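Below are the chains, spelled out letter by letter.
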Amino acid sequence: MRKILHIDMDAFYASVEQRDDPALRGRPVVVAWRGERSVVCAASYEARTFGVRSAMPAVRAERLCPEAVFVPPDFPRYKAVSRQVREIFARHTDLIEPLSLDEAYLDVTAPTSGLATATEVAQAIRAQIREETQLTASAGVAPNKFLAKIASDWKKPDGLFVIRPHQVFDFLTPLPVGCIPGVGKVAQRRLEDLGVKTVGDLRGVDVADLQAAFGSFGVRLHERAQGIDERPVEPDQPVQSISSEDTFARDVPLDEIEPMIRTLAEKTWAASRKTERVGRTVVLKLKTAQFRILTRSHTPEVPPGSLERFTEIALALQERVDLPPRTLYRLVGVGLGNFSDRDALVPPQATLFPVE
C-alpha cells in the first residue's frame, strides 16, 4: 500500500508578497494587475473572508473588498521560492510530482530521509518549509492521490490531516459527491437525478448504471466512491503541451487578432525550444465576449520546424472559425501540443527503393 502526501502552499503568491513586505501583513492582499480584463492570481486569507477567490475578475474582487491591496504578480520570485520548496521535498523522496508552483504529490512509501512514518515526513517537510522560507504549507497524508488531495484541504491553512486506510470509508461517506475530481456542476446535477448527493450515495449505485450514464468516467466514479485510486506519483513528467494566451483590452473582431497571434506564437515557440521534445499539433484558442471558448488545431505531416512555419499554421487556423463575422473576442491563445521524443519521429520516406 502506498503512502502519499499532497503538499499545498497556503495562499502562495499572496503569502510571498506579505512575507517580503511587512506593510502587507494582516491586510487583504490581491495578487493581480488592475484593469477590467485582469483576473485574480491569488488572494490572502484576509481577502478571502470578503469572498475574493483566485480566477475571479479583478474588478469584482475590488467591489467585494474595496480595502484590498492589489499587487502585480512577480512570477520569477514565486518560481524561486517554489524551487526552494522542491529542494525540501527532495530530501525525503525522489518520487515528486509537481502540479503547479505551489503544490505537489509525494510518494513516501519508502522515504529517503529515514523517518518512520508518512505523518512524520509531512511534519518534517512543513517544519522545514516554515523555517527556511517563512511560509506555511498544508499537507494531506493518505493511501492514494485522490484522498491525499482532499486531506490537504481539510485543515487549511497551515494544517495537517491524515486519512489512514481503515478510515477511508467512514471519511468519504458523508462528503458531497462534488469533492470527486471531474464532478462539475453538470455531472453533479446528473448524479442528483440518480438520487446521488454524497459519496456514500454514489457507493450504492451499481457500476453498470454509472457506466450507462457516464461512460468510462462512470468506472472512475465507482472507484473513487470506494476510495480507490491506483495512479502512481509520476516524477518528471514529459512536456505534453505549451501555450500562451492573453486577454484584449477591449473585445475585438476576428480580423484584428493577427498581431496578437504573432506575439503569442513567438512566446510559445521560444518556450518550446527549452525542451528536447518536439511538438506536432498547433492549437488556436479563442474566447468570445460571451465567454464561449473555441479551439481549432492542426497536426501537419511534418512538425513545424521554425517560428515562421508555426506562426503560419496558427494564423491559418483563423479560417476554421465559423462564427458570424460580427462576433467579438476577448481572449486569444496559441499552443503547441502532442509532444514526442525527437528520436521517436520517423522522417517521411520518399520512396522505398531510391534510384541510384
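For the structure itself, consult the block above.
Residues numbered from 1 in each chain as written. Predicted model: local features only at pLDDT ≥ 70, side-chain atom pairs only at ≥ 80, totals over all residues. Heavy atoms only, no water.

1. Thoughts on the pattern of salt bridges
Summed over all chains, the structure comprises 19 salt bridges. When the shortest N-O distance is used, the salt bridge between Arg296 and Asp322 registers 3.3 Å. Remark: Asp322 occurs in the loop between helix H13 (307–316) and strand S12 (328–337) and Arg296 occurs in strand S11 (residues 293–298); sequence separation between them is 26 residues. Through salt bridges with shared partners, one network takes in Glu17, Arg19, Asp20, Asp74 and Arg77. (Salt bridge = Lys/Arg side-chain N within 4 Å of Asp/Glu carboxyl O. Helix = DSSP H or I, 4+ residues; strand = E, 2+ residues; numbered from the N terminus.)

2. Topic: the packing of helix H10 (residues 207–214) against helix H11 (residues 216–225)
Taken N-terminus to C-terminus, the directions of H10 and H11 make an angle of 140 degrees; their axes are 6 Å apart at the nearest point. With respect to H11, the element H10 is oriented oblique. H11 is crossed by H10, and the crossing has right-handed handedness. Side by side, H10 and H11 meet where Val207, Leu210, Gln211 and Phe214 of the first sit next to Ser216, Phe217, Gly218, Val219, Leu221 and His222 of the second. Taken together, the residues of the contact of H10 with H11 sort by class into 6 nonpolar, 4 polar and no charged. (Axes fitted to C-alpha atoms, helices over the stretch in contact; angles between N-to-C directions. Parallel < 35°, antiparallel > 145°, perpendicular 65-115°, else oblique. Left-handed = near helix turned anticlockwise from the far one by under 90°. Contact = heavy atoms within 4.5 Å. Nonpolar A, V, L, I, M, F, W, Y, C, P; charged D, E, K, R; others polar.)

3. Description of the pairing of S12
S12 sits mainly inside the fold: 9 of its 10 residues count as buried. Bridging between strand S9 (residues 241–253) and S12 involves 9 bridges; their strand directions are antiparallel. From the neighbouring strand, Pro253 faces S12, where its bridge partner is Leu328. Across 8 bridges, strand S10 (residues 281–288) lies against S12 in antiparallel orientation. Note on S12: the bridge partner recorded for Val282 is Leu336. (Buried < 20%, exposed > 50% of the residue type's maximum accessible area, 1.4 Å probe, protein only. Pairing = 2+ DSSP bridges.)

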